[in-house]
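Survey of secondary and tertiary structure
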Amino acid sequence: PIDIFGNENHLKLLVEAIHKTHEIPVTDEIQEFDNYIEAKKLITLACASKGDLFKEFEDMFNKIDQVYEFVKAEREKYGIELVVSHHDIYYPNLLPTADGDFYLIDWELATYGDLAYELAMHFILMEYNDKEKEIFINKLSNNIPINIENLKNDINTYTNFEKYRKNVLKEIKK
């Protein structure tokens, strides 16, 4: 089995896989996945059967809008480039091989997006604790020239965004 923090080689391989994915050149053939826009499309569809959810959850949507605009402004302010991202990196999508390596599978959500969003989703899906997040970010920063503090702030912003998004979806399903 794959053990990201119990096997140093697995951590190294995962960081390398993320790094290699982000080095793929972004072309016009790759569509941007904007979680905010896609979530709004889904909520608009849900409004057909649930009523005006945007009005019903106006305060929550206003907060989500503020977070989205903040992240967008930060990306522009700091010149954060969008990269090819898998968007679904967690254990079920890490297929182990007999030689101790693994394949990153299940690429249907892959598009291009922000590295911090990719990491926030990875941390959420893998349920990393704070120490594991720190280890992972430090290992990643050895491969990618990046401002670690800005990355951590952006990851926290995206994590909060995802919490709001999940709450909205939970309310819609009621």
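In what follows, the structure referred to is the one given above.
Now for a quick tour of the structure. Within every chain, residues take consecutive numbers counted from 1 along the sequence as written. Restriction of local features to residues with pLDDT of at least 70 applies here, the model being predicted, together with a cutoff of 80 or more for giving and counting side-chain atom pairs; totals for whole chains, interfaces and linings are based on all residues. As a rule here, side-chain values come from all non-hydrogen atoms in the structure, and water together with hydrogens is ignored.

Re the pattern of salt bridges
Spelled out, the test is: By salt bridge we mean one thing: a side-chain nitrogen of Lys or Arg within 4 Å of a carboxyl oxygen of Asp or Glu. Put simply, DSSP H or I for four residues or longer makes a helix, DSSP E for two residues or longer makes a strand, and each gets a number counted from the N terminus. Residue burial is assigned from relative accessible area. The probe radius is 1.4 Å, only protein chains are included, and a residue is buried under 20% of its type maximum, exposed over 50%, and partly exposed in between.
Throughout the structure, instances matching the rule amount to eight salt bridges. A salt bridge links Lys12 to Glu16, with the shortest nitrogen-to-oxygen separation between them at 3.3 Å. Of the two residues, Lys12 and Glu16 both sit in helix α1 (residues 8–23), four residues apart, roughly one turn of that helix. Relative accessible area serves as the criterion here: at 37%, Lys12 is assigned to the partly exposed category. When salt bridges with common partners are traced through the structure, they connect Glu134, Glu149 and Lys152 into a single cluster.

Some details on the environment of Asp65
Counted only if it meets this: For this analysis, residues touch if any pair of their heavy atoms sits within 4.5 Å.
With respect to the helices and strands, Asp65 occurs in helix α4 (residues 58–78). Of the residues examined, Asp65 reaches a relative accessible area of 22% and is grouped as partly exposed. In this structure the C-alpha to C-alpha distance between Asp65 and Phe123, which are 58 residues apart in sequence, comes to 23 Å. Apart from residues no more than four positions distant in its own chain, Asp65 is found in contact with Tyr36 and Lys40.

Looking at a nonpolar patch on the surface
Put simply, the rule is: Only residues whose relative accessible area exceeds 30% and that form no salt bridge are eligible for patches; like-charged ones are grouped when within 9 Å, while nonpolar side chains (Val, Leu, Ile, Met, Phe, Trp, Tyr) are grouped when within 5 Å. The Shrake-Rupley method, run with a 1.4 Å probe, gives the accessible areas here. Residue values count only the displayed protein chains as cover.
There is a patch of nonpolar side chains on the surface, built from Leu95, Tyr103 and Ile105 and spanning about 280 Å² of accessible area. Counting through the fold element by element, Tyr103 comes out in strand β3 (residues 102–104). Residue classification places Tyr103 among the exposed positions, given a relative accessible area of 52%.

Describing the packing of α1 against helix α6 (residues 130–143)
Pairs of packed helices are described in terms of their axes, by the angle between the two and the distance that separates them. Rules: Axes here mean lines fitted to C-alpha atoms, for a helix over just the part in contact, with angles spanning 0 to 180 degrees between N-to-C directions. Oblique is the label for any angle not covered by the other classes, which are roughly parallel (under 35 degrees), roughly antiparallel (over 145) and roughly perpendicular (65 to 115). If you view the pair so one helix is near and one far, a crossing is left-handed when the near helix is turned anticlockwise from the far one by less than a right angle, and right-handed when it is turned clockwise. Amino acids are sorted into nonpolar (Ala, Val, Leu, Ile, Met, Phe, Trp, Tyr, Cys and Pro), charged (Asp, Glu, Lys and Arg) and polar (every other residue, Gly among them).
For the pair α1 and α6, interaxial distance at closest approach is 10 Å and the crossing angle is 55°. In terms of orientation, α1 lies oblique with respect to α6. Judged by the sense of rotation from one axis to the other, the crossing of α1 with α6 is right-handed. Residues Glu8, Leu11, Lys12, Leu14, Val15, Glu16, Ile18 and His19 of α1 pack against Ile135, Phe136, Lys139, Leu140 and Asn143 of α6. The residue makeup of the contact of α1 with α6, split by class, is seven nonpolar, two polar and four charged.

Re the packing of aromatic side chains
Just so we agree on the cut-off: In this analysis, rings of Phe, Tyr and Trp, with Trp reduced to its six-membered ring, are considered paired at centre separations within 6.5 Å, and the interplanar angle assigns stacked below 30 degrees, edge-to-face beyond 60, and tilted for intermediate values.
Evaluation of the coordinates by the stated rule reveals seven aromatic pairs. With a centroid separation of 3.6 Å and 15° between ring planes, the pair formed by Tyr36 and Tyr68 is classed as stacked. With a gap of 32 residues between them, Tyr36 in helix α2 (residues 35–50) and Tyr68 in helix α4 connect regions that are remote in the sequence. Judged by its relative accessible area of 16%, Tyr68 is buried. For the pair Tyr128 and Phe136, a centre-to-centre distance of 5.9 Å together with 45° between the ring planes defines the contact as tilted. Just as Tyr128 is buried, Phe136 falls in that class too. Ring pairs connect the aromatic residues Phe5, Phe123, Tyr128 and Phe136, which therefore count as one cluster.

Focus on the nonpolar core
Just so we agree on the cut-off: Side-chain atoms within 4.5 Å link the members of a nonpolar core, which is a set of buried Ala, Val, Leu, Ile, Met, Phe, Trp, Tyr and Cys residues.
Formed by 43 residues in total, the largest nonpolar core has its most connected members in Ile4, Leu14, Leu94, Leu119, Phe136 and Ile155. Elements with a contribution of two residues or more to this core: α1, α2, α4, β3, α5 (115–126), α6 and α7 (148–173). With eight residues, α5 is the single largest residue contributor to this core. Filtering out sequence-adjacent residues up to four positions away, Phe136 remains in contact with Phe5, Leu11, Leu14, Val15, Ile18, Leu119, His122, Phe123 and Tyr128.

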